[in-house]
Amino acid sequence: MTTQRTHIIGRGERRVDAFGKVTGKAKFAADYSLPHQLYGATLYAEHPHATITHIDTREAERLDGVFAVLTAKDIPGENAFGIVIKNQPVLACDIVRYYGDGVALVAAATREAAEAALALIRVEYAPLPVLTDPEEALLEGSVKIHGDSNIFVHHKVRKGDIENGFAEAEIVIEKKFKTQFIEHSALEPEAALAEPAEQGGIRITGSVQNLFSSRRSVAAALNLDLNKVQIVQATLGGSFGGKDEVMTALCCRAALLSLRTGRPVKMVNTREASMRESYKRHPYVLSYKWGAKNDGSITAMEITCIADGGAYASMSPFVTWRSVVQATGPYRCGNVKTDVYAVYTNNTYTGAMRGFGSPQVNFAIESMMDMLAEAVGKDPLELRLQNCFETGAETATGQTLDHHVSLSEVLTTAADAAQFSAHWKSFRGQTSGAKRRGIGLACSYRGVSLGAEGTDAAGTIVSVQTDGSVIVSSGITDMGQGAQTQMSQIAAEVLGIGMGRIQFLNTNTSRVPDSGPTVASRGTIMGGSAAKRGAEIVRSTMLKVGSHMTGEATGALDFRDEHLVRMSDGTHLATFAEVAAECFRRGLPMYGFGWFQSPKTSWDEERGQGEAYFTYVYGANIAEVEVDIETGKVDVLRFVAVHDVGRAINRSAVLGQFYGGVAMGLGYGLLESFDFEEGIPKQLNFDEYLIPTSLDVPPIRPVVIEHPDPAGPFGAKSIGEPANELAAPAIINAIANATGRRITELPATLERVLLGHALSRTGERGSQHKTSDESCKIRPAGL
């Protein structure tokens, strides 16, 4: 019998977690329970900034059914955690710094008893001045949240001579942009179940995104060695970056209550508690100043970004570092001066969210490109193609792009699919009708994985059983994005077997290696590369045994379609299961531990120069909108999304990322804003916090571009975050095309659209399509 190898890579294989999710058999964190468990609850701060003068827990402790009431003084170890800067308390001790700070904990026999006990805890506060404005936080006389300065991050990029760059310019454009807080809006709120371990220590099952960083914080809070803390990942109901520090706090609290009572303790956040406590996407204030020639070539970029870090440092140092690397966009410029700051306020702290510092700067960059195109009389596509990176280009950080740069390809592919230039010209200058059409373009480049901001390595284990079935496990977490499926598909391709043979185990910190945080779209490129190496180790052993079984040379054999085959003619010589059984009889290991460390990167913090990321991805989005100039309502009619993913491991999963990314980006551009009033959240559920529904999402035309990259498994790079970072600027540019007015603050609410159109009709610049406003200046250089 002869056969051709079936390639699994690139096919839309069914997700490995699909059956459990569609049948309801998947166990999410809140589904776990144990006999004799107690229920934990957290008492939150009553003020966004105040000194705690006294806590009285005696009445709560006397309530029937209450087993423990804890405050900061009851923590046996460290009461501070943080991935970069340890300044976030498990429970506030002397000062509360935002409205979501935890002050006390209760463990009780029922949820109702726990909530009743919280109401009996008496906390006395001395309110302090509240700081909510990140620009005010920079001022010398502002309220200080930690220490002597509110600035806790300052990243820089310095390239060329910025003064000479502006001296060479014939046009100078200045603009100020603002973005908003965004709630992650995962379907599942945070949950954890902690239980005393048999040999001492603690075991926690929870909806945890970054298990190993949470484990370090739990161990420190409980004063335990790491090997005494086991965290097991339950099936996650979404995260989008949102189940990191907030889950660390929940794990620490559940563990403290469990060890104090000697019983399992379950803690599940309500939606209101989740929105109150959990971190958000950073709002940015972005000041952009560009110099350019009359032909559209860019001579200088001066950029200042201020990120509102909220009450604690969280992931702000990493998020803002990506911003400083990518703040100039995928465009050539010899003279760059960029400063990105993160500051403390009494707002909810901010951290990782899908995009990780790029959606904010992309909004500014791509708006500036359209403004420059208007100023020099070119269409936005033409100007981008003139200035965009090509293979061999040098970035603002001095890195030479020595891989295949597909930016012009994704731009022209998207433009052709949307008939961009023709529509852009026809939609300009509309003066009649209540509804106006517009079309907008945005593109980006994005560094893959963590880059030079931190250690970047991951491990995956591939274990073939004696019957030929396979178990795969990894330190990379699947939060719903499909990482387990990608890694399974890669292992199956190497071993020549079908996906049905593979069982993927959820991450367990005691059974897999610390693989760093599952952020920055690194699941496939890091976990997948490790899976490939692990599978190759097992494959090598099995091929050697197959050679002994058949008398064929090892180099003449391969595994295809679950069989050992002779490569020359495809003849089946043995089944995969038979070779696995023979390996066991010979006492040989069928276990492969794959470890992958990213290629070398570098960074000079003082100058902001270096090879920031080992490779990049490229994408372009085009949105067509209809704007009702009487109500301000914006409908997105059609959308084109084009991304170079390197290699699509699972085509269906890649397309799913396209669709989901566009939907989230639409919310960022038009609907979503998590608002505060003097540090107190104004929305605590989805009746007030608006996210897009299926009726808001337009028909999306996805185009997958593939240029395999040697840095990734089978050439794969990333798509999870790139798919999310371009929709908003494409929509904003489309609104400008329709109305002649540029929106500088997200989201594009009805009021902002109406205000923009009203101002455009005043003819303040003599032309409907001159996109100036109070925060924008376009002038000849030298004036």
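Computed from a predicted model, the values in this text were never measured in an experiment. (Residues numbered from 1 in each chain as written. Predicted model: local features only at pLDDT ≥ 70, side-chain atom pairs only at ≥ 80, totals over all residues. Heavy atoms only, no water.)

## Section: the overall build of the protein chain
Put simply, the test is: Working definition: helices are DSSP H or I runs of at least four residues, strands are E runs of at least two. Numbering for both runs from the N terminus. Using C-alpha atoms as the atom set, the radius of gyration is obtained and then compared with a globule rule of 2.2 Å times the number of residues to the power 0.38. Burial classes follow relative accessibility: with a 1.4 Å probe on protein chains only, a residue under 20% of its type's maximum area counts as buried, one over 50% as exposed, and anything between as partly exposed. Per-residue and other accessible areas were derived by the Shrake-Rupley procedure at a 1.4 Å probe size, with only the shown protein chains allowed to occlude residues. Neither His nor the chain termini are counted; the positive set is Lys and Arg, and the negative set is Asp and Glu. Think of each charge as sitting on NZ of Lys, CZ of Arg, CG of Asp or CD of Glu.
A count of helices and strands for the protein chain gives 19 helices and 29 strands. Computed over the C-alpha atoms, the radius of gyration of the protein chain is 27 Å, within 12% of the 28 Å expected from 2.2 N^0.38 for a compact globule of 783 residues. Taken along the three principal axes of its C-alpha coordinates, the protein chain extends 85 × 80 × 50 Å. Each of the 783 residues in the protein chain was classed as buried or not, and the buried ones make up 62%. With an accessible surface of roughly 28000 Å², the protein chain has 49% of that area assigned to carbon and sulfur atoms. Taking the average place of the 76 positive charges on the side chains of the protein chain and the average place of its 89 negative ones, the gap between the two points comes to 3 Å.

## Details of the domain arrangement of the protein chain
Selection rule: Residue ranges assigned to each domain were obtained from an automatic or database domain assignment. It only takes one pair of heavy atoms within 4.5 Å for two residues to be counted as in contact. Buried area is understood as the total, over both parts, of accessible area removed when two parts are fitted together, assessed with a 1.4 Å probe. Salt bridge criterion: a side-chain nitrogen from Lys or Arg within 4 Å of a carboxyl oxygen from Asp or Glu. Polar contact is the term for a pair of N or O atoms within 3.5 Å; when the atoms are in protein, one must be able to donate a hydrogen and the other to accept it, and sequence-neighboring residues count only if both atoms are side-chain atoms. When residues are grouped by polarity, Ala, Val, Leu, Ile, Met, Phe, Trp, Tyr, Cys and Pro land in nonpolar, Asp, Glu, Lys and Arg in charged, and all others, Gly among them, in polar.
According to the domain assignment, the protein chain contains domain 1 (18-25 + 457-597), domain 2 (32-128 + 190-268) and domain 3 (155-182 + 280-451 + 605-780). With centres defined by C-alpha atoms, the gap from domain 1 to domain 3 works out at 39 Å. The partner domain 3 presents 20 residues to the 19 residues of domain 1 that form the contact. Of the roughly 1600 Å² buried between domain 1 and domain 3, counting both surfaces, carbon and sulfur atoms make up 67%. The largest per-residue losses of area from domain 1 upon contact with domain 3 belong to Ala 520, Ser 521 and Ile 525, which jointly make up 37% of the total buried on that side. Inspection of the domain 1/domain 3 interface yields zero salt bridges. Linking domain 1 to domain 3 there are four residue pairs in polar contact (both at pLDDT 80 or more). Those elements giving two or more residues to the side of domain 1 that touches domain 3 turn out to be helix H14 (483-495) and helix H15 (523-550). Residues of the side of domain 1 that touches domain 3, tallied by class, amount to eight nonpolar, eight polar and three charged.

## Points about the layout of surface pockets
If a probe as big as a water molecule is rolled over the atoms, it shows which places are left empty. The following threshold applies: Computed over the protein atoms alone on a 1 Å grid, cavities are sets of points where a 1.4 Å probe fits but cannot get out and pockets are open sets with protein on both sides within 12 Å along at least five of seven lines; a residue lines them when it has an atom within 4 Å of a point. Grid points are joined across faces, edges and corners, and a volume is the space filled by probe spheres set on the points.
There is about 850 Å³ of room inside the second largest pocket. Contributions of two or more residues to the lining of the second largest pocket are made by helix H1 (18-23), strand S11 (229-233), strand S17 (457-464), strand S18 (470-474) and strand S19 (502-505). Per-element accounting of the lining of the second largest pocket gives the leading share, four residues, to S19. Among the residues making up the lining of the second largest pocket, the classes are represented as 15 nonpolar, twelve polar and ten charged.

## Side note on the side chain of Ser 718
In this fold, Ser 718 is placed in the loop between strand S28 (700-705) and helix H18 (727-739). Of the residues examined, Ser 718 reaches a relative accessible area of 8% and is grouped as buried. Those residues in contact with Ser 718, other than ones at most four positions away along the chain, are Val 448, Ser 521, Val 617 and Val 645.

## Digging into the sheet that holds strand S21 (residues 563-566)
Condition: Paired strands, as defined in this entry, are two strands with at least two bridges between them according to DSSP. Axis definition: a line fitted to C-alpha atoms, limited for helices to the stretch in contact. Angles are taken between N-to-C directions and run from 0 to 180 degrees.
Strand order in the open sheet made by the three strands is S20-S21-S22, with antiparallel pairing throughout. What marks the edges here is a single partner per strand, and that holds for strand S20 (557-560) and strand S22 (572-575). Mean inter-strand twist for the sheet, computed between neighbouring axes without regard to direction, equals 30°. Where S20 and S21 come together, four bridges link them in antiparallel fashion. Pairing of Asp 558 across the sheet is with Val 565, part of S21. Here H15 sits on the sheet and contacts S20, S21 and S22; the angle it forms with S20, its principal contact strand, is near 115°.

## Let's talk about the packing of aromatic side chains
For clarity, the cut-off: When two rings of Phe, Tyr or Trp (its six-membered ring) have centres within 6.5 Å they constitute a pair, described as stacked for plane angles under 30 degrees, edge-to-face for angles over 60, and tilted for the intermediate range. By definition here, charges over rings are those cases where NZ of Lys or CZ of Arg is within 6 Å of the ring centre and within 35 degrees of the ring normal.
Across all of its chains, the model carries 18 aromatic pairs by this definition. With a centroid separation of 5.1 Å and an interplanar angle of 80°, the aromatic rings of Trp 321 and Trp 603 are classed as edge-to-face. Here the residue Trp 321 occupies a position in helix H9 (residues 316-326), and Trp 603 occupies one in the loop between strand S23 (591-597) and strand S24 (616-628), the gap between them amounting to 282 residues. Residue classification places Trp 321 among the buried positions, given a relative accessible area of 3%. Looking at Lys 532, its charged tip hangs above the ring of Phe 714, at a distance of 5.2 Å from the centre.

## Some points on the pattern of salt bridges
A full pass over the atoms with the stated rule returns 40 salt bridges. Here Lys 532 and Glu 536 are joined by a salt bridge, their closest N and O atoms 2.7 Å apart. With Lys 532 and Glu 536 both in helix H15 and four residues apart, this pair spans about one turn of that helix. Judged by its relative accessible area of 35%, Glu 536 falls in the partly exposed class. One salt bridge connects Glu 582 with Arg 585, and the closest N-O pair in it is separated by 2.9 Å. With Glu 582 and Arg 585 both in helix H16 (residues 576-585) and three residues apart, the pair spans about one turn of that helix. Residue Glu 582 is classed as buried on the basis of its relative accessible area, which comes to 15%. For Arg 585, a relative accessible area of 60% gives the class exposed. When salt bridges with common partners are traced through the structure, they connect Glu 366, Asp 370, Arg 384 and Arg 742 into a single cluster.

## Focus: a nonpolar patch on the surface
Under the convention used in this document: Only residues above 30% relative accessible area that lack a salt bridge enter a patch, with like-charged residues linked at up to 9 Å and the nonpolar side chains Val, Leu, Ile, Met, Phe, Trp and Tyr linked at up to 5 Å.
A cluster of nonpolar side chains, contributed by Tyr 591, Phe 593 and Trp 595, occupies part of the molecular surface with about 310 Å² of accessible area. Along the chain, Phe 593 turns up in strand S23.

## A word on the side chain of Ser 444
Within the element layout of this structure, Ser 444 appears in strand S16 (residues 435-447). Here Glu 725 takes part through its side chain, which lies 2.7 Å from a polar atom of the side chain of Ser 444. With near-sequence residues (within four places) excluded, Ser 444 lies in contact with Pro 330, Asn 362, Leu 407, Val 617, Tyr 618, Gly 619, Glu 725 and Leu 726.

## Side note on the sheet that holds strand S12 (residues 265-268)
On the basis of which strands lie adjacent, the open sheet formed by seven strands has the order S3-S5-S1-S12-S9-S10-S11 and mixed pairing. Single-partner strands in this sheet number two, and they are strand S3 (66-70) and S11. Averaged over neighbouring strand pairs, the angle between their axes works out to 20° when direction is ignored. One ladder, built from four bridges, connects strand S9 (residues 191-196) with S12; its direction is antiparallel. In the strand pairing of S12, Leu 193 is matched with Lys 266. The sheet strands contacting helix H3 (residues 111-120) are strand S1 (38-44), S3, strand S5 (102-108) and S12, and the helix crosses S1 at an angle near 25°.

## Some remarks on the packing of H15 against H16
Rule in force here: In what follows, roughly perpendicular refers to angles from 65 to 115 degrees, roughly parallel to angles under 35, roughly antiparallel to angles over 145, and oblique to any angle outside these ranges.
With their axes 9 Å apart at the nearest point, H15 and H16 run at an angle of 95° to one another. The angle between the axes of H15 and H16 places the two elements in the roughly perpendicular class. Contacts from Thr 541, Met 542, Val 545, Gly 546 and Met 549 in H15 reach Phe 576, Glu 578, Val 579, Ala 580, Glu 582 and Cys 583 in H16. Tallied by class, residues from the contact of H15 with H16 come to seven nonpolar, two polar and two charged.

## Notes on empty space enclosed by the protein
Applying the stated criterion across every chain yields a total of six cavities of 30 Å³ or more. In this structure, the second largest cavity occupies an estimated 90 Å³ of space. Taken together, 14 residues form the lining of the second largest cavity, with Glu 183, His 184, Ala 186, Glu 190 and Ser 274 sitting closest to its centre. Split into classes, the residues belonging to the lining of the second largest cavity amount to three nonpolar, six polar and five charged.

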